[in-house]
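# Breakdown of the fold
So the chains spell out like this:
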Amino acid sequence: MSERVLRLRRRYIRLAPYPEDLGAEQVWESVRGLFTTLYGLVGLADSGLKLLKTREGLVLACYHRWVPEVVAAITLVDNVAGRPASLDIVKISGSVRGVR
Amino acid sequence: MTRDYTDLWVSPDPEILKRLRALGYSACGLELGYGEALPQPFARAAAELGISAVVKRIYRAGSRQEILEKLRGRPGNIILSVMPLSREALMVALRDERVDTVIAHPEMAEVDRNVLEVYQNPLEISLAAVRESLKDFRRLKNIVRLCQTCIAEEKPLVISSGARNIYELRKPRQMAYLLSALAGYDNPWDEAVSTTPYTVVRRCIGFV
């Protein structure tokens, strides 16, 4: 007997690093590292957190229930690749188009 | 309705003021030492940017007597915050009307039901303290427990940056989300960056 798999809703978070010349991969490594420190590998897997390569710039995706936790990790990042930095959240939306 | 976002704890740096304005804050508390006044060029810069800047003094106190001595003759136009080093000091600071905020730190006494009974003044959690607690699991546990208790009991909470440079500042909604994430709530706790701290600033401004 087949069972219907529940489709989890995604949220897309657009970031603006400060200073602006930070690389996307470096920012992603910092966020992922801090998220894993806070919520572990299982949390990382459960949250569906990933980096999207879009024309809109730096966009992270996660499942909707994990938005506060992902935002908390982004907020706590204070250095990227050894440089002092802060990550500003520009917009959170349910679609990639919505974060433009 | 537009909220008045407030960062109650920053260092007096003109660059910090500009960055606060860019992030959407309309008021801030500037930490200065005992006897120091807000420099005039700084006050003018804050007024030009449209930010209400108020002097903030932080006192560390280990006993009831210390707190009462520090509160004697306090000016009304400054923010007075107490960092309690003992349970007795915590209870006195939370109850005394002359204290504006109580600075929470990872080594602070636990907020149990006896403390909750006298809890009137807002507890202030700084981003800097949360970041420091990431290095020590016991400290992080204390901070998380504090957030959970205060939000579950709907007690007044403030979250501030404790920023010493522009890279330590964050958008107000991000700070609100941080508090909610620590407490295990879904929605951002906006009161902690708007209504609660702005009430403190408004009282100080009204006093001038």
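Overview of the structure. Values in this document were obtained by computation on a predicted structure and should not be read as measured data. (Residues numbered from 1 in each chain as written. Chains lettered and ligands numbered in written order. Predicted model: local features only at pLDDT ≥ 70, side-chain atom pairs only at ≥ 80, totals over all residues.)

Below, the discussion takes up the overall build of chain A. The helix and strand inventory of chain A stands at two helices and six strands. Expected size for 100 residues packed as a compact globule is a radius of gyration near 13 Å; at 14 Å, chain A falls within 12% of this value. The dimensions of chain A, computed from C-alpha atoms along their principal axes, are 55 × 30 × 20 Å. When each of the 100 residues of chain A is scored for burial, the buried share is 34%. (Helix = DSSP H or I, 4+ residues; strand = E, 2+ residues; numbered from the N terminus. Rg over C-alpha atoms; globule rule 2.2 N^0.38 Å. Buried ≥ 20, exposed ≤ 12 C-beta atoms within 10 Å, placed from the backbone.)

It is worth spelling out the sheet that holds strand β4 (residues 79-84) of chain B at this point. Residues and elements named next belong to chain B. Strand order in the open sheet formed by seven strands is β1-β2-β3-β4-β5-β6-β7, and the pairing between neighbours is parallel. Single-partner strands in this sheet number two, and they are β1 (5-10) and β7 (157-160). Within the sheet, the average angular offset between the axes of one strand and its neighbour, ignoring direction, is 30°. Examined bridge by bridge, β4 and strand β5 (residues 101-103) share two bridges and lie parallel to one another. When the bridges of β5 are listed, S81 appears paired with T101. Against the sheet, helix α8 (residues 172-183) engages β1, β2 (25-31) and β7, with an angle of about 125° to β7. (Pairing = 2+ DSSP bridges. Axes fitted to C-alpha atoms, helices over the stretch in contact; angles between N-to-C directions. Contact = placed C-beta atoms within 7 Å.)

Here we take up the environment of A43 of chain B. All names here are of chain B. Mapped onto the secondary structure, A43 falls in helix α2 (residues 40-49). Separated by 28 residues in the primary sequence, A43 and L71 place their C-alpha atoms 25 Å from one another. With residues near it in sequence (within four places) discarded, A43 still touches L38 and A53.

Another aspect to go through is the packing of helix α1 (residues 24-47) of chain A against helix α2 (residues 67-76) of chain A. Residue and element names in this part refer to chain A. Where α1 contacts α2, the axes come no closer than 9 Å and their chain directions differ by 160°. One way to sum up the angle between α1 and α2 is to call them roughly antiparallel. Of the two elements, α1 crosses α2, and the hand of that crossing is left-handed. The segment α1 lies against α2, with V31, L34, F35, L38, Y39 and S47 engaging E69, V70, A73, I74 and L76. Counted by class, the contact of α1 with α2 contains nine nonpolar, one polar and one charged residues. (Parallel < 35°, antiparallel > 145°, perpendicular 65-115°, else oblique. Left-handed = near helix turned anticlockwise from the far one by under 90°. Nonpolar A, V, L, I, M, F, W, Y, C, P; charged D, E, K, R; others polar.)

Listed as interface residues are 13 residues of chain A and, on the opposing side, 16 residues of chain B. The element that contributes the greatest number of residues to the side of chain A that touches chain B is α2 of chain A, accounting for six residues. The residue makeup of the side of chain A that touches chain B, split by class, is seven nonpolar, three polar and three charged.

The next subject is the environment of V70 of chain A. All names here are of chain A. With respect to the element layout, V70 can be found in helix α2. Sequence separation between V70 and L6 is 64 residues; the distance between their C-alpha atoms is 22 Å. Aside from chain neighbours lying at most four places away, what touches V70 is I13, F35, S47, L49, L60 and C62.

Another aspect to go through is the sheet that holds strand β3 (residues 57-63) of chain A. Residue and element names in this part refer to chain A. Taken together, four strands build an open sheet; the order of strands is β2-β3-β1-β6 and the sheet is antiparallel. Single-partner strands in this sheet number two, and they are β2 (50-54) and β6 (86-93). Recorded for the sheet is a direction-independent mean angle of 35° between the axes of neighbouring strands. Here strand β1 (residues 10-18) pairs with β6 via seven bridges, running antiparallel.

Moving on to the pairing of strand β3 (residues 52-61) of chain B. All names here are of chain B. Pairing between β2 and β3: five bridges, direction parallel. When the bridges of β3 are listed, C28 appears paired with A53. Relative to β4, β3 is paired through six bridges, and the arrangement is parallel. In the sheet register, I58 faces β4, and the bridge partner there is S81. The parallel pair β3 and β4 is bridged by helix α3 (residues 64-71), and the resulting crossover is right-handed. (Right-handed = clockwise from strand over helix to strand, strands pointing away.)

So yeah, pure geometry; function would need other evidence.
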